[in-house]
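Chains, contacts and geometry: an overview
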Amino acid sequence: EAGVAQSPRYKIIEKRQSVAFWCNPISGHATLYWYQQILGQGPKLLIQFQNNGVVDDSQLPKDRFSAERLKGVDSTLKIQPAKLEDSAVYLCASSLDRAGTQYFGPGTRLLVL
Amino acid sequence: EDQVTQSPEALRLQEGESSSLNCSYTVSGLRGLFWYRQDPGKGPEFLFTLYSAGEEKEKERLKATLTKKESFLHITAPKPEDSATYLCAVGTSGAGSYQLTFGKGTKLSVIP
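The numbering scheme is per chain: residues are counted from 1 as the chain's sequence reads. The naming scheme follows written order: chains are lettered A onward, ligands numbered 1 onward. Given that the model is predicted, a residue must reach a pLDDT of at least 70 before its local features are reported, and side-chain atom pairs must reach 80 or more before they are shown or counted; all residues, however, enter totals for whole chains, interfaces and linings. Values reported for side chains reflect all heavy atoms of the structure, with hydrogen atoms and water molecules removed beforehand.

1. Examining the pattern of salt bridges
Side chains that carry opposite charge are capable of pairing whenever their charged atoms lie near each other. The term salt bridge refers to a pairing of a side-chain nitrogen on Lys or Arg with a carboxyl oxygen on Asp or Glu at a separation within 4 Å. Using the criterion set out here, one finds 6 salt bridges over all chains in the structure. In this structure, the salt-bridge partner of A:Asp86 is A:Arg64, at a minimum N-O distance of 2.5 Å. You can see A:Asp86 sitting in the loop between strand E8 (75–79) and strand E9 (88–95) and its partner A:Arg64 sitting in the loop between strand E6 (53–56) and strand E7 (65–68), a full 22 residues away along the chain. With a relative accessible area of 3%, A:Asp86 lands in the buried category. Residue A:Arg64 is classed as buried on the basis of its relative accessible area, which comes to 11%. For B:Arg37, the salt bridge identified is with B:Asp39, shortest N-O distance 3.0 Å. Strands are runs of DSSP state E lasting at least 2 residues, helices are runs of H or I lasting at least 4, and numbering of each runs from the N terminus. The cut-offs for exposure are 20% and 50% of the maximum accessible area for each residue type, with area from a 1.4 Å probe on protein chains only; residues under the lower value are buried, those over the upper are exposed, and the others partly exposed.

2. Quick look at the nonpolar core
Only buried residues count toward a nonpolar core, which is a set of Ala, Val, Leu, Ile, Met, Phe, Trp, Tyr and Cys residues joined through side-chain atoms within 4.5 Å. Counting 22 residues, the largest nonpolar core has B:Leu33, B:Trp35, B:Leu73 and B:Tyr86 as its most contacted members. When residues of this core are traced back to their parent elements, those giving at least two are strand E2 (10–14), strand E3 (19–26), strand E4 (33–38), strand E5 (45–50), strand E7 (62–66), strand E8 (70–75), strand E9 (84–94) and strand E11 (106–111) of chain B. When residues in this core are grouped by element, the largest group, 4 residues, is from E9(B). Listed in part, the 21 residues of the second largest apolar core include A:Cys23, A:Trp34, A:Leu60 and A:Leu77.

3. Regarding a nonpolar patch on the surface
Residues and elements named next belong to chain A. Each patch groups residues whose relative accessible area exceeds 30% and which form no salt bridge, using 9 Å between like charges and 5 Å between nonpolar side chains of Val, Leu, Ile, Met, Phe, Trp and Tyr. For the accessible areas, the method is Shrake-Rupley and the probe is 1.4 Å, while residue cover comes only from the protein chains on display. A contiguous nonpolar surface patch, about 290 Å² in accessible area, is contributed by Ile12, Leu111 and Leu113. Of note, Leu111 is situated in strand E11 (residues 108–112). Since its relative accessible area comes to 38%, Leu111 is described here as partly exposed.

4. What to know about the interface of chain B and chain A
Contacts were defined at the residue level, with two residues in contact if any of their heavy atoms lie within 4.5 Å. Listed per partner, the contact involves 18 residues of chain B and 23 residues of chain A. Defined here as a combined quantity, buried area equals the accessible surface (1.4 Å probe) lost by two parts on assembly, summed across both. For the pairing of chain B and chain A, the buried interface totals around 1600 Å² over both sides, and the portion due to carbon and sulfur atoms is 49%. Polar contacts here mean pairs of N or O atoms no more than 3.5 Å apart (in protein, one a potential hydrogen donor and the other a potential acceptor; neighbouring residues in sequence count only if both atoms are side-chain atoms). Where chain B meets chain A, there are 7 residue pairs in polar contact (both at pLDDT 80 or more). Sorting the residues of the side of chain B that touches chain A by element identifies E4, E5 and strand E10 (97–102) of chain B as the ones contributing at least two each. When residues of the side of chain B that touches chain A are assigned to their parent elements, the largest contribution, 5 residues, is made by E10(B).

5. Focus on the pairing of E11(A)
Residues and elements named next belong to chain A. The buried fraction of E11 is high, at 4 of 5 residues. In the sheet, strand E2 (residues 10–13) pairs with E11 via 4 bridges, with the strands oriented parallel. For Ile12, the partnering residue across the bridge sits in E11 and is Leu111. Relative to E11, E9 runs antiparallel, the two being bridged by 3 bridges. Along E11, the bridge assignment pairs Ala88 with Leu110. The rule for pairing is simple: two strands pair if DSSP sees at least two bridges between them.

6. Some thoughts on the state of the cysteines
As used here, a disulfide is simply a covalent bond connecting the sulfur atoms of two cysteines. All names here are of chain B. In this description, the term disulfide denotes a pair of cysteine sulfurs within 2.5 Å. Following the criterion strictly, the structure yields 2 disulfides over all chains and no others. Here Cys23 connects covalently by a disulfide to Cys88, the sulfurs 1.9 Å from one another. Judged by the torsion about the S-S bond (-60 degrees), the Cys23/Cys88 disulfide is left-handed. Of this pair, Cys23 sits in strand E3 while Cys88 sits in strand E9, and the two are 65 residues apart along the sequence. Each member of the pair, Cys23 as well as Cys88, is classed as buried.

7. A word on the side chain of A:Ser75
Residue and element names in this part refer to chain A. With respect to the helices, strands and loops of the structure, Ser75 is situated in strand E8. Here Ser75 falls in the buried class, since its relative accessible area comes to 1%. Among the polar contacts made by the side chain of Ser75, one reaches the main-chain carbonyl oxygen of Glu68 at a distance of 2.9 Å. In this view, Ser75 contacts Phe21, Trp22, Cys23, Leu32, Trp34, Phe49, Glu68 and Arg69; residues no more than four positions away in its chain are not counted.

8. Thoughts on the packing of aromatic side chains
We call Phe, Tyr and Trp rings a pair once their centres come within 6.5 Å, taking the six-membered ring for Trp, and we label the pair stacked below 30 degrees between planes, edge-to-face above 60, and tilted otherwise. By the definition in use, this model includes 10 aromatic pairs over all chains. Summarising the aromatic geometry, the rings of A:Phe104 and B:Phe102 are spaced 6.1 Å apart at their centres and angled 75 degrees between planes, so their arrangement reads as edge-to-face. Of this pair, A:Phe104 sits in strand E10 (residues 103–104) while B:Phe102 sits in strand E10, each in a different chain. Accessibility assignment for this pair places A:Phe104 and B:Phe102 in one class, buried.

Functional significance is not addressed by these values, which are geometric in nature.
This is the structure we're talking about:
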């Protein structure tokens, strides 16, 4: 069974630029999550989708971050404009349903200069 | 606010030297305690889920246990390939969502 796929794996941008990350979850998984992991910390949930609807985006900085999950499968996370403190690993995870085990992708490492 | 504290932050063991990692939590309504392993440059890899006090699960050299306030990950006779960061997370539900809150992790180094 294929795991969660993410791209790109690495991205370096200047502050105030925009960036987008892509995630393809495990086939059949209805719930998709985006996490931010700062160096030395555990992952922190940014947004959770159930199919193509948002379930929880309470920790998403909505002035600069946006996310969508069209057709209930792939998802994109966008940052515009980026700040230095956005440097982190962005992890995508998926689960069969809302309370199911979450399986993570390899992450996208973002460096904002 | 849900809180998860892992200790120690870092642990160095000789190969074959057994030890335990601790995860203490304060949550309102636990809906699962999760252990993940994370290798450098990779995403977290699922290990175990525990749901009730007294529950235990094992996988190779790892055994996870759960009480009402904490969980332990016991590592028996570790090998260098067990070196990784071990993350603990608690699951809670509310307002239609199910959320994991992670600790900062314990970085384990097993020396040959």
